[in-house]
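So you can see what is in the structure, the chains are spelled out below.
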Amino acid sequence: MAEVRMRNLAKTYPGGSTPATDDVSLDVEDGEFMVLLGPSGCGKTTLLRMVAGLELPDEGQVVIGSRDVTYLPPRDRNLSMVFQSYAVFPHKKVRANIAFGLRMRGVDKAQVARKVDWAAELLQLAPFLDRFPSQLSGGQRQRVAVARAIVMDADVLLMDEPLSNLDALLRLSFRAELKRLVGEIGTTTLYVTHDQVEALSLGDRVAVMRDGRIMQCDNPISVYDVPTSEFVGGFLGSPPMNFLSGTLAGTNGVTQVELGSDQSLPAPQRLAEFRGRPVRIGVRAEAIGVSREPGDGAARCVVEVFEPLGASVLITATLAGQLIKVQAPASFRAEPGDELWLDLKQDSLRWYDPDSGVALIAA
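What counts, and at which threshold
- Residues numbered from 1 in each chain as written.
- Predicted model: local features only at pLDDT ≥ 70, side-chain atom pairs only at ≥ 80, totals over all residues.
- Heavy atoms only, no water.
- Helix = DSSP H or I, 4+ residues; strand = E, 2+ residues; numbered from the N terminus.
- Buried < 20%, exposed > 50% of the residue type's maximum accessible area, 1.4 Å probe, protein only.
- Contact = heavy atoms within 4.5 Å.
- Areas by Shrake-Rupley, 256 points an atom, 1.4 Å probe, with all protein chains shown as cover.
- Pairing = 2+ DSSP bridges.
- Axes fitted to C-alpha atoms, helices over the stretch in contact; angles between N-to-C directions.
- Parallel < 35°, antiparallel > 145°, perpendicular 65-115°, else oblique.
- Left-handed = near helix turned anticlockwise from the far one by under 90°.
- Nonpolar A, V, L, I, M, F, W, Y, C, P; charged D, E, K, R; others polar.

## A word on the overall build of the protein
Working step 1: If you tally the helices and strands in the protein, you get 8 helices and 20 strands.
Working step 2: Principal axes of the C-alpha set define a box for the protein whose edges measure 80 × 45 × 35 Å.
Working step 3: Across the 363 residues that make up the protein, the buried fraction comes to 48%.
Working step 4: Sequence separation of at least 24 residues holds for 64% of the intrachain contacts in the protein that already meet a minimum separation of 6.
Working step 5: With the model as given, the accessible surface of the protein reaches about 16600 Å², and the carbon-plus-sulfur share is 50%.

Structural data, given as structure tokens:
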């Protein structure tokens, strides 16, 4: 195992007008499960490929352990990689697929057999070792690809959207298996995905990327609950974070935000220096209390859409002329046109500059 240090990595593809990665620096600690998350085209796969040696950076450095591997070929980096496609050999049985890398390295037959049996047991593939990939399900084929990677005793395990080809139910079960597996083997892992649920459930830390840069890197709870920018808050969550526009105001030591002519909310005193300026308020749908009766500091809204979701209901409402989504208990009922009262709790609100989209104050 080894830590991975990426320093000021920049890459622009020939003919491209914008960089795929733009001065990216990131440290992945020994044994850490790091997830690169972001929309298509944000540079996460390019970053992974530069660590793998499949792409060379225009600028910057990749260090694995104590070795500078920036310009080493992939075979000399001691890495294993699991691709989005299964990439298993259709003409080889499962046993031969798992053993392929070991045999290419000239490992003796007895050790190959032991490691194949170990990986097959770990990934519940033992009954299928003598089958061809065509005789396996999609989830089983992906397990073969993972087994082939982990038998190599690599310093770093790289995964490029390995669950994206699986259906939703299979992805759910395999995600749990993958988390258990990586926890057992303890290999430093760099995992690329555009799926926020995968990122939050798997990663020790999540690096959210946009336009070739890392916007925020932190543990999953902090990235979700305390996004440092509107982009991160809007990218994570289903539904994504609500954003309301207002103006900071206040007198006599009291700060508030005016949402409209008849709606205002209290604001932290730390925002007093920004009075008179526009502001964007971020709040998660599940962090909003909802009632049919007005309460202290509650904001009035009108229901536009009511969606039962089974375990909860999702209400889309108009608050001071702005749409807001509220997640309520499954037992709550409302109809379009109903008047409701929302409790936007102070400790759940996040405050952003409308021009830069960056947090005005730390949560």
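There's plenty left to go through after this.
## Regarding unusual backbone geometry
Working step 1: The linkage connecting Ser238 with the following residue, Pro239, adopts the cis geometry, with an omega of 5 degrees.
Working step 2: Among the structural elements, Pro239 can be located in the loop between helix H8 (230-235) and strand S11 (242-249).
Working step 3: Its identity is not glycine, yet Asn78 carries a phi of approximately 55 degrees, on the positive side.
Working step 4: Among the structural elements, Asn78 can be located in the loop between strand S5 (67-68) and strand S6 (79-82).
Working step 5: A relative accessible area of 21% places Asn78 in the partly exposed class.
Working step 6: Unusually for a residue other than glycine, Ala320 sits at a positive phi of about 50 degrees.
Working step 7: If you trace the backbone, Ala320 turns up in the loop between strand S17 (312-319) and strand S18 (322-329).
Working step 8: Of the residues examined, Ala320 reaches a relative accessible area of 26% and is grouped as partly exposed.

## Some points on the sheet that holds strand S14 (residues 278-283)
Working step 1: The antiparallel open sheet is built from 5 strands, whose spatial order is S13-S12-S11-S14-S20. If you trace the sheet from one side to the other, it starts and ends with strand S13 (263-266) and strand S20 (350-352), each paired once. Across the sheet, the axes of successive neighbouring strands diverge by a mean angle of 40 degrees, strand direction being ignored.
Working step 2: Of the pairings in the sheet, the one linking S11 to S14 comprises 6 bridges and is antiparallel in character. Across the sheet, the residue bridging to Leu244 is Ile281, located in S14.

## Focus: the environment of Ala145
Working step 1: You can see Ala145 is positioned in helix H4 (residues 138-150).
Working step 2: Note on Ala145: relative accessible area 2%, which makes it buried.
Working step 3: Residues Ala145 and Tyr86, 59 residues apart in the sequence, show an inter-C-alpha distance of 6.0 Å.
Working step 4: Setting aside anything within four residues of it in sequence, one finds Ala145 in contact with Val82, Tyr86 and Val88.

## Here's the deal with helix H1 (residues 44-52)
Working step 1: With 7 of 9 residues buried, H1 is to be regarded as a mostly interior element.
Working step 2: What H1 keeps buried is the set Lys44, Thr46, Leu47, Leu48, Met50, Val51 and Ala52.
Working step 3: Note on H1: the residue one or two positions beyond its end, Gly53, has a positive phi of about 90 degrees.

## Here we look at the packing of H4 against helix H5 (residues 168-185)
Working step 1: Two elements in contact, H4 and H5, have axes whose closest approach is 11 Å; the angle formed by their N-to-C orientations is 15 degrees. Classified by the angle between their axes, H4 and H5 sit roughly parallel to one another. H4 and H5 meet at a crossing whose hand is right-handed. Counted together, Gly138, Gly139, Gln142, Arg143, Val146 and Ile150 of H4 and Leu170, Phe174, Glu177, Leu181 and Ile185 of H5 form the full contact between these two elements.
Working step 2: Counted by class, the contact of H4 with H5 contains 6 nonpolar, 3 polar and 2 charged residues.

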